[in-house]
Amino acid sequence: MSTIAIHDTHHDHHDHGHHKETFLTKYIFSQDHKMIAKQFLITGIIMAVIAMGLSILFRIQLAWPDKSFPFLETFLGKWAEGGRIKPDFYLALVTIHGTIMVFFVLTAGLSGTFSNLLIPLQVGARDMASPFLNMLSYWFFFMACVIMMGSFFVQTGPASAGWTVYPPLSALPKAVTGSGFGMTLWLISMVLFVASSLMGGINYVSTILNMRTKGMDLWKMPLPIWAFFLTAILGILSFPVLVAGVVLLVFDRSFGTSFYLSDIVFGTQILPNEGGSPILWQHLFWFLGHPEVYIVIMPALGISSEVISVNARKPIFGYHAMVYSLIGITVLSFIVWGHHMFVTGMNPLLGGVFMITTLIIAVPSAVKTFNYLATLWRGNIRFTPAMLFAIGLVSFFISGGLTGIFLGNASLDINLHDTYFVVAHFHLVMGSAAIFGMLAGVYHWYPKMFGRMMNAKLGYLHFWLTFISAYLVFFPLHFLGLDGVPRRYYVFTEFEFMRKWLTVNTFVTWAAILGALAQVAFLWNFFYSIFKGKRAPQNPWEANTLEWTTPVEHLHGNWPGEIPTVYRWPYDYSKPGHDEDFIPQTIPFSQTMSSNLPHDFEGNEEAERIQREWDAQNPPAEQRTPQH
Amino acid sequence: MSLIKVIGNKKTVVLTALSTAFASASVFAQEAAVSATTTANTPEAKVDMDAVYKSVIFYSLIFLSFCLFVAIVGRAIKVYELTREVQGKPAAINWNKVNASLFALFLLIGLYGVYWEYTVHGSMLLPDASSEHGRKIDEMFNLTLIITTIVFIATHIALFAFAYFYKHSAKRKAYFYPHNNTIEKIWTIAPALVLTVLVLMGFLTWRSIFYKTEDPNNKALQVEVISEQFAWQIRYPGADGIVGDRNYKLTTGANVLGIDFKDKRSRDDQMADELWLPVNKPVKVILGSKDVIHSFYLPHFRVQLNTVPGMRTYFEFTPTATTQQMREKLNDPSFEYVLLCSKICGQGHYNMQKRVRVVTEEEYAEWIKQQPQWLNDDLRKAFNLPVSATPAAAPAAAADTTAQDSMKVNPQAPTI
Ligand code: HEM
Ligand SMILES: [Cu+2]
Ligand SMILES: [Cu+2]
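Just so you know, these numbers come straight off a predicted model, no measurement behind them. (Residues numbered from 1 in each chain as written. Chains lettered and ligands numbered in written order. Predicted model: local features only at pLDDT ≥ 70, side-chain atom pairs only at ≥ 80, totals over all residues. Heavy atoms only, no water.)

## Considerations on the overall build of chain B
- Scanning chain B from terminus to terminus reveals ten helices and ten strands.
- Counting across all 416 residues of chain B, residues that qualify as buried make up 42%.
- A separation of at least 24 residues holds for 69% of the contacts in chain B among residues at least 6 apart in sequence.
- When the accessible surface of chain B is split by element, carbon and sulfur atoms take 63% of a total near 21,900 Å². (Helix = DSSP H or I, 4+ residues; strand = E, 2+ residues; numbered from the N terminus. Buried < 20%, exposed > 50% of the residue type's maximum accessible area, 1.4 Å probe, protein only. Contact = heavy atoms within 4.5 Å. Areas by Shrake-Rupley, 256 points an atom, 1.4 Å probe, with all protein chains shown as cover.)

## Description of the overall build of chain A
- Looking only at helices and strands, chain A features 17 helices and two strands.
- In terms of overall dimensions, chain A is globule-like: its C-alpha atoms have a radius of gyration of 26 Å, near the 25 Å expected for 628 residues.
- By residue count, 69% of the 628 residues in chain A fall in the buried class.
- Taking as baseline every contact in chain A between residues at least 6 positions apart, the subset at least 24 positions apart corresponds to 77%.
- Entry remark: accessible area of chain A is about 19,500 Å², with carbon and sulfur atoms responsible for 67%. (Rg over C-alpha atoms; globule rule 2.2 N^0.38 Å.)

## Re the coordination of the copper ion (ligand 2)
All names here are of chain A.
- Looking at the metal site, the copper ion (ligand 2) is ligated by His290 (ND1), His339 (NE2) and His340 (NE2), spaced 1.8 to 2.1 Å from it.
- Mapped onto the sequence, the residues coordinating the copper ion (ligand 2) show the spacing H-x48-H-H.
- Here the copper ion (ligand 2) and the iron atom of ligand 1 are spaced 4.6 Å apart. Of this pair, His290 sits in helix H9 (residues 278-312) while His340 sits in the loop between helix H10 (319-332) and helix H11 (348-376), and the two are 50 residues apart along the sequence.
- The exposure class assigned to His340 is partly exposed, which follows from its relative accessible area of 21%. (Donors = N, O, S within 2.8 Å, 3.2 Å for Na, K, Ca; no water.)

## With respect to the interface of chain A and chain B
- Taken together, the contacts link 150 residues of chain A with 130 residues of chain B.
- Overall, the association of chain A and chain B removes approximately 12,500 Å² of surface from exposure, summing both partners, and the carbon and sulfur fraction of that is 73%.
- Ranking the residues of chain A by area buried against chain B places Phe317, Phe383 and Ile414 of chain A at the top, with a combined share of 5%.
- Counting across the interface, chain A meets chain B through three salt bridges.
- Taking the shortest distance from any N to any O, the salt bridge between Glu274 of chain A and Lys249 of chain B comes out at 3.1 Å. (Buried area = accessible area lost by both parts, 1.4 Å probe. Salt bridge = Lys/Arg side-chain N within 4 Å of Asp/Glu carboxyl O.)

## Digging into a nonpolar patch on the surface
Residues and elements named next belong to chain A.
- On the surface, a nonpolar cluster with roughly 420 Å² of combined accessible area is contributed by Val247, Phe251, Phe255, Phe259 and Leu280.
- Along the chain, Phe255 falls in the loop between helix H8 (223-254) and strand S1 (265-266).
- Judged by relative accessible area, Phe255 falls into the exposed class, the value being 57%. (Patch = residues over 30% accessible without salt bridge, like charges linked within 9 Å, V, L, I, M, F, W, Y side chains within 5 Å.)

## What to know about the coordination of the iron atom of ligand 1
- Donation to the iron atom of ligand 1 from the protein comes from one atom only, His425 of chain A (NE2), at 2.2 Å.
- Topologically, His425 of chain A is positioned in helix H14 (residues 420-450).

## Here we look at the packing of helix H12 (residues 385-408) of chain A against H14 of chain A
All names here are of chain A.
- Where H12 contacts H14, the two axes come as close as 8 Å, and the packing angle between them is 160 degrees. The pairing of H12 with H14 is recorded here as roughly antiparallel in orientation. With respect to the hand of their crossing, H12 and H14 are arranged in left-handed fashion.
- Its residues assigned to classes, the contact of H12 with H14 comprises 18 nonpolar, ten polar and no charged. (Axes fitted to C-alpha atoms, helices over the stretch in contact; angles between N-to-C directions. Parallel < 35°, antiparallel > 145°, perpendicular 65-115°, else oblique. Left-handed = near helix turned anticlockwise from the far one by under 90°. Nonpolar A, V, L, I, M, F, W, Y, C, P; charged D, E, K, R; others polar.)

## Some words on the nonpolar core
- Phe104, Phe114, Phe467 and Phe526 of chain A together with Phe103, Tyr236 and Phe296 of chain B are the most contacted members of the largest nonpolar core, which totals 290 residues.
- Sorting elements by how many residues they give to this core places helix H5 (residues 87-123) of chain A first, with 22 residues.
- Residue contributions to this core reach at least three from each of two domains, namely domain 2 (99-167 + 179-210) and domain 3 (221-415) of chain B.
- Discounting chain neighbours no more than four positions away, the residues touching Tyr236 of chain B are Leu221, Val223, Asp269, Gln270, Ala272, Glu274, Leu275, Trp276, Tyr364, Trp367 and Ile368 of chain B.
- Grouped together as the second largest cluster of nonpolar side chains are ten residues, Leu257, Ile259, Leu375 and Leu385 of chain B included. (Core = buried A, V, L, I, M, F, W, Y, C linked by side-chain atoms within 4.5 Å. Domains from an automatic or database assignment.)

## Concerning the packing of aromatic side chains
- Counted according to the given criterion, the structure contains 100 aromatic pairs over all chains.
- Where Tyr319 of chain A meets Tyr571 of chain A, the ring centres are 5.9 Å apart and the plane angle is 50 degrees; that geometry is what we call tilted. With Tyr319 of chain A in helix H10 and Tyr571 of chain A in the loop between helix H16 (502-532) and helix H17 (605-617), this pair connects stretches of sequence that are 252 residues apart. Both residues of the pair, Tyr319 of chain A and Tyr571 of chain A, count as buried.
- On the numbers, 6.4 Å between centres and 75 degrees between planes, the contact of Phe315 of chain B with Phe317 of chain B is edge-to-face. Taken as a pair, Phe315 of chain B and Phe317 of chain B share a single burial class, namely buried.
- The ring of Trp377 of chain A carries the charged tip of Arg378 of chain A above its face, separated from the ring centre by 5.5 Å.
- Between the NZ or CZ atom of Arg378 of chain A and the centre of the ring of Tyr175 of chain B, over which it lies, the distance is 4.1 Å. (Phe/Tyr/Trp six-rings, centres within 6.5 Å; stacked < 30°, edge-to-face > 60°. Lys NZ or Arg CZ within 6 Å of the ring centre and 35° of its normal.)

## So, the sheet that holds strand S6 (residues 294-298) of chain B
Residues and elements named next belong to chain B.
- One open sheet accounts for five strands, arranged S4-S10-S9-S6-S7; its pairing is mixed. Strand pairing shows two members of the sheet lacking a second neighbour, strand S4 (275-278) and strand S7 (303-307), which therefore form its edges. If you compare each strand with its neighbour and ignore which way they point, the axes differ by 20 degrees on average.
- Examined bridge by bridge, S6 and S7 share five bridges and lie antiparallel to one another. (Pairing = 2+ DSSP bridges.)

## Things to note about the packing of H5 of chain A against helix H7 (residues 181-210) of chain A
All names here are of chain A.
- Two elements in contact, H5 and H7, have axes separated by 11 Å at closest approach and are oriented at 20 degrees. By the angle class used here, H5 and H7 are roughly parallel. Viewed along their axes, H5 and H7 form a crossing whose handedness is left-handed. On H7, the residues that touch Ile96, Thr99, Phe103, Phe104, Thr107, Ala108, Ser111, Gly112, Ser115, Asn116 and Ile119 of H5 are Trp186, Ser189, Met190, Phe193, Ser197, Tyr204, Thr207 and Ile208.
- Residue composition of the contact of H5 with H7, grouped by class: ten nonpolar, nine polar and no charged.

## What about helix H7 (residues 323-330) of chain B?
All names here are of chain B.
- Among the residues of H7, those classed as buried are Thr323, Met326 and Arg327. For H7, the buried positions fall inside an angular range of 100 degrees around the axis, keeping them on one side. Set apart from the buried face of H7 by more than 90 degrees, the exposed residues are Glu328 and Lys329.
- Buried positions along H7 lie against strand S9 (337-341) and strand S10 (354-359).
- Phi for Asn331, located one or two positions after H7, is positive at around 55 degrees. (Arc of directions from axis to C-beta.)

## A look at the site of ligand 1
All names here are of chain A.
- Taken together, 20 residues sit near ligand 1, with Trp163, Asp413, His417, His425 and Arg487 positioned nearest.
- Within the residue set of the shell around ligand 1, elements represented by two or more residues are H9, H12 and H14.
- The class makeup of the residues in the shell around ligand 1 is ten nonpolar, eight polar and two charged. (Near = heavy atom within 4 Å.)

## Comments concerning H5 of chain A
Residues and elements named next belong to chain A.
- The terminal C-alpha atoms of H5, which comprises 37 residues, lie 50 Å apart, in line with the 54 Å expected from a rise of 1.5 Å per residue.
- Taking the largest bend as the criterion, H5 deviates by roughly 30 degrees, centred on Met101.
- The buried count for H5 comes to 36 of 37 residues, which makes it a mostly enclosed element.
- With its phi angle positive at about 80 degrees, Gly124 sits one or two positions after the end of H5. (Expected span 1.5 Å × (residues − 1). Bend = angle between axes of the 7 residues up to and from the residue.)

## Some remarks on the pattern of salt bridges
Residues and elements named next belong to chain A.
- Tallying each qualifying case throughout the model produces 30 salt bridges over all chains.
- Across the pair Glu606 and Arg609 runs a salt bridge whose closest N-O atoms are separated by 3.0 Å. With Glu606 and Arg609 both in helix H17 and three residues apart, the pair spans about one turn of that helix.

Right, here's the structure in full:
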């Protein structure tokens, strides 16, 4: 490890490597992907805590609609006059909760963190293709967060037309107070957010395509990288459509156009807009919106593939099938958006088509699930906190995916659309599964991010409380939906048939509070361990991938000296004939003669011949000696 | 490392600062607003803040003592483990075993929980569909439920059982099993086949719902339902059986739906406070919206369709049980069918209801006769139609309403 080597290799990649790093360039306007990843993560965690707080507020309203909670007034002022949340503020709460969770936590917080951290480290690059763009990506995201939160300080309150902000509701301040300045802030925030995602996505794709180290061909990439790659492509192709939609909405709101508006009358006041269609927004929104849900889940699936394989000490079952199913999901997710619109009154023929494509997308999802199960089968499972969360993800993915089969069936969706059944569906498959994937990633790569370990026992506590409370919260909600209870209802007391669910609501709220408090275990563990955690060893989980060959102390450029060369796929765990239960990607086959399989050489005849000769000289026996 | 500490500390400080700033600033912003708008209202006076703070402190203390408890247990475990290590004994607690057992336990309790949910909450659901197509939907639902439940249970048993049985042991090595094409093909094709069946059935059902061939002997009753924030307006077709044209530009205080009475078919249209439907007769609901999108949702009939401003949408269905029959069947004398809004539409979204009644054909015929017409004398004037022969009282009443509405009516006149 000579210092000269560091500078040598640095030189061609980073001219600025020689500049003196100040506090500002190292921690704030950092261009180092590892630091940017941490920025994304911590911002994401803060936003998650905020959004979780909002959800507790509206859960309180649902559980005790008749009670007054004076502390709410202390916090919220006129939005909770007399200690009770007002109907329009209730809508603002669900809207901002959804927006933050979907976009800021599960898109930026998840992809932003792990794509940034892992892409260069796992493909063997010194940094992202464009570190500067990467930095901008974070700061755009940060501004988007600030502006979104800023809408709480607007007199008319934050956007409150639901996270899908359907016009005309979102276009007309007259329709709901949140569609005043709060909605303008929502739109600005979204544009910044999309810009951030695009800068990130372009960087991820170009880094993966161009900057892989020697030997790292596509089929040797770890599954998280495949997932991040396809996710980035999805984002690049679909986010611009959202921006287009948003810009048109801005025009409608502020410049008197009629893209989404027509034939509107408030009481007797006739609006001048003519010729637009509110359905257009839904098409534009869901053209992004559906890929978006896969933008959320695919990185989580990629992360859990890695975590499950490492901790089951087994190769991921069906690596190729896993990749192909990700590709399948990527392609299909562009042609299913109409399943969110079965009952908008769009041409029923389209409904039929979208039903077919939607149910096809369940096939690759099923394949992935079965492959996870097969990976666990006859494994040697270490239950690290990351592994617990990855197993939790599989469970939620199954539960939520299965309810997707009900919703994807247009006929059944007639009665389920916009009910609590949908709420239950996407909170399991997205709210729970994707969050669990993210948490698995945090526990697994924390040593890489901070050079320290998190406390495993607190991790267990965190997992079990969260896992149990998530099911307690979301499982019963299916039944509300099956009873025809619509979502986004401020109280259930106005309809006779809903009253029977009030006790369930109270129960669900208690479970949600339990789940929220359980996060304290995580937050404490996370922030405390940054300073006081046990120092991380080089390769704490005995994993094969490249990131564990970098020094524990971060350095700009990742590897001192040469970037290691890759010789094999990342999943040689418990390979028969090898003395240890893992073989890092950097170990050449010449050092593992005792465990090589014919398949490993991919038809390289010379290598196969050498192996055959070696096998002939070393008959299979116990006297095999360790190679290194 | 030390710098990282600094930044970390900064972040936590910023975090707390932000959250306090958030709470106080939002209250400030609003206090200004409140004092500007409502002068009489002084909310502070109403609540006894002492009790509030006490209860908040009380709950926080409970939570903090729980955290303390966790911390103490954590320490105790750590000390215990360290002493075992110093004494050279094997690890005290095998956490792999603990977690594996918890998964097994979770599976058992979870299976019971699912059973409990299916039986207890499962019996609180909507009654069987009260419409023809709804029965088909229910059948499909049940089939899908059976299939998914089997998969749900089976995969979860596999997942948690594997977690339990294949927990880590230093003596064992995992089974190197990277792939098996046959198995993978099977579990690609099997779900594909099952889904094909579901898609086909779903598709046929969907088609039968939305592509109806009209039976000339049993023509559907037309009813128009128009949504606005936060109410439903109902229009029956009158004697001609056809709901006439609407034009939103004609909307006035007297003509809230903007019905175009130039169209002869509109003139006999009737209004109603409730949605009454004759049993076993197809009804074609024509949907529209005045302001934002709402959703016309009749859960008991498995009917839902959005109402979209600027767009006419249709849903045709046949009710199969009268309200009375349902009351008897469910043994619930207060049972009512309801119409609700299921698309977020503003602050009154949660309470946008109408009663729906399914009655016998005779009851319906009797009821519809009593429903008033949309077209009244004011509107006749506004549309230059001959005022009906109803004597005396009408002109007087008309006089003052027209006075009040003339502002709104007249500017519209040119656009007709
Ligand atoms: C088996 C695969 C899946 C199928 C067949 C499926 C199907 C559907 C359908 C048909 C809807 C529309 C329901 C309605 O509004 O009436 C829906 C809603 C939703 N799904 Fe899925 N889904 C699947 C997986 C996922 C995944 C993996 C995610 C996210 C990670 C997801 C997230 C969502 C969200 C967020 C919504 C609700 C959007 C809203 O209206 O607010 N789904 N799903
Ligand atoms: Cu979707
Ligand atoms: Cu509504």
